[in-house]
Amino acid sequence: MKPIHERATNYGAVGATAHFDFSRFPPKGFEVIQRRARIGHGRPRYDAAVAALRTWKVQRLSGIEVDVVGSEEGTVYRPVGFDGTEATRAANIEPQQDFGPDGEPFLQPGDSIDQRVRVLGMQIHAPMRVIAIEDEESSHGVILGTLEGHPEAGEERFTIEIVEDETVFLHFRALVRDAKWWVRLGSPIARAMRRRYHDRYMDVLRSIDVR
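Residues numbered from 1 in each chain as written. Predicted model: local features only at pLDDT ≥ 70, side-chain atom pairs only at ≥ 80, totals over all residues. Heavy atoms only, no water.

Participant: Can you walk me through the pairing of strand S5 (residues 112–119) in this structure?
Facilitator: Two faces belong to every sheet, and in a regular strand the side chains alternate between them. Within S5, seven of the eight residues are buried, leaving the element largely enclosed by the surrounding structure. For strand S2 (residues 65–69) and S5, the ladder comprises five bridges, and the chain directions are antiparallel. Considered in S5, the bridge of Glu 65 is made with Arg 116. Relative to strand S6 (residues 122–135), S5 runs antiparallel, the two sharing eight bridges. The residue of S6 that forms the bridge with Arg 116 is His 125. (Buried < 20%, exposed > 50% of the residue type's maximum accessible area, 1.4 Å probe, protein only. Helix = DSSP H or I, 4+ residues; strand = E, 2+ residues; numbered from the N terminus. Pairing = 2+ DSSP bridges.)

Participant: Just checking my understanding: could you explain the packing of aromatic side chains for this structure?
Facilitator: Describing an aromatic ring pair means giving the distance of the ring centres and the angle of the ring planes. For the structure on display, the rule yields three aromatic pairs. On the numbers, 5.0 Å between centres and 65 degrees between planes, the contact of Phe 158 with Phe 172 is edge-to-face. Taken together, the residues Phe 158 in strand S8 (residues 152–162) and Phe 172 in strand S9 (residues 167–178) connect sequence positions 14 residues apart. Arranged with centres 6.0 Å apart and planes meeting at 55 degrees, the rings of Phe 172 and Tyr 201 form a pair that is tilted. Of this pair, Phe 172 sits in strand S9 while Tyr 201 sits in helix H4 (residues 187–207), placing them 29 residues apart in sequence. Among the residues examined, Phe 172 registers a relative accessible area of 1% and is labelled buried. (Phe/Tyr/Trp six-rings, centres within 6.5 Å; stacked < 30°, edge-to-face > 60°.)

Participant: What should I look at first to understand the layout of surface pockets in this one?
Facilitator: Empty space among the atoms becomes visible once a probe the size of a water molecule is rolled across them. The space that makes up the largest pocket amounts to roughly 620 Å³. For the largest pocket, the lining is made up of 32 residues, of which Val 117, Pro 151, Glu 152, Met 193 and Arg 194 are closest to its centre. Among the elements of the structure, S5, S6, S8, S9, helix H3 (181–185) and H4 are those that each provide at least two residues to the lining of the largest pocket. The element that contributes the greatest number of residues to the lining of the largest pocket is H4, accounting for seven residues. The residue makeup of the lining of the largest pocket, split by class, is 22 nonpolar, six polar and four charged. (1 Å grid on protein atoms, 1.4 Å probe; cavity = no way out; pocket = protein on both sides within 12 Å on 5 of 7 lines; lining within 4 Å. Points joined across faces, edges and corners; volume = space filled by probe spheres on them. Nonpolar A, V, L, I, M, F, W, Y, C, P; charged D, E, K, R; others polar.)

Participant: I tried to follow helix H1 (residues 43–54) on my own but got confused; where do I start?
Facilitator: Here H1 spans 16 Å end to end across twelve residues, near enough to the 16 Å set by a 1.5 Å rise per residue. Turning to H1, its buried residues number three or more, namely Arg 45, Tyr 46, Ala 48, Ala 49, Val 50, Ala 51, Ala 52, Leu 53 and Arg 54. (Expected span 1.5 Å × (residues − 1).)

Participant: Teacher, can you tell me more about the sheet that holds S6 here?
Facilitator: By definition, the strands of a sheet pair up through backbone hydrogen bonds, in either a parallel or an antiparallel sense. The strand order across the open sheet formed by seven strands is S1-S9-S8-S7-S6-S5-S2, and the pairing between neighbours is antiparallel. Whereas interior strands pair on both sides, the edge strands pair on one side only; in this sheet they are strand S1 (31–41) and S2. Across the sheet, the mean angle separating the axes of adjacent strands is 20 degrees when strand polarity is ignored. Two strands pair when backbone bridges link them, and strand S7 (residues 139–146) and S8 are joined in this way by seven bridges, in the antiparallel orientation. Paired with Gly 145 across the strands is Glu 155, a residue of S8. Contacts between H1 and the sheet are confined to S1, S6, S7, S8 and S9, with S8 contributing the most and set at about 160 degrees to the helix. Across the sheet, H4 touches S1, S5, S8 and S9, and the angle it forms with S1 is around 20 degrees. (Axes fitted to C-alpha atoms, helices over the stretch in contact; angles between N-to-C directions. Contact = heavy atoms within 4.5 Å.)

Participant: So what exactly am I meant to see when it comes to a nonpolar patch on the surface here?
Facilitator: A cluster of nonpolar residues, Trp 181, Trp 182 and Leu 185, forms a patch on the protein surface that exposes about 420 Å² of accessible area. Along the chain, Trp 182 falls in helix H3. (Patch = residues over 30% accessible without salt bridge, like charges linked within 9 Å, V, L, I, M, F, W, Y side chains within 5 Å. Areas by Shrake-Rupley, 256 points an atom, 1.4 Å probe, with all protein chains shown as cover. Salt bridge = Lys/Arg side-chain N within 4 Å of Asp/Glu carboxyl O.)

Participant: Is there a simple way to explain the packing of H1 against H4 in this structure?
Facilitator: The relative placement of two packed helices comes down to the angle between their axes together with the axis-to-axis distance. For the pair H1 and H4, the least separation of the axes is 9 Å and the interaxial angle reads 130 degrees. For the element pair H1 / H4, the angle class is oblique. As H1 runs across H4, the sense of the crossing is right-handed. Only Leu 205, Arg 206 and Ser 207 of H4 make contact with H1, whose side of the interface consists of Arg 45, Ala 49 and Ala 52. (Parallel < 35°, antiparallel > 145°, perpendicular 65-115°, else oblique. Left-handed = near helix turned anticlockwise from the far one by under 90°.)

Written out as structure tokens, the structure reads:
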């Protein structure tokens, strides 16, 4: 199989979780997941949650091993988004290197990762790519898409939001279907694992250090 940074996504609706109405007409065979949780209060909590999201701490502190494959020097990437109801692609961008408060590099559109989880003593590889970053005044989002070789197919969108009274929320959206025969065979186990990790994401962001 190709190196991770050369692999394509293994689903067609790239960027779909950014659409405001994504849950009404999901791609055939895909499960829609939507979660929303209060994770704290105040701008420091918001900033800490964004930094955790952009440095893979959400996954790592949830028990997922992550190896990062950054965008190659000199490459460009076209993030996906939506303008109203129409799918769009932004202009080509060169990867920009920003860093979190601990000096860890922020993930960028086009970066790829090899996630590893253990199931019944076996190590499962689950490669993904950063599809887009959504940076607004009161919200910050990251969209991740599955790559060839992932046991599932689909997309995850994490959005940290701070509202008027400075309550901070995590909005989590996903479109997912089983991509491997052995995952389909153990579909109830796969669904239970997904729920477990989604709960962990919420717990991690509630407990992350605020400085």
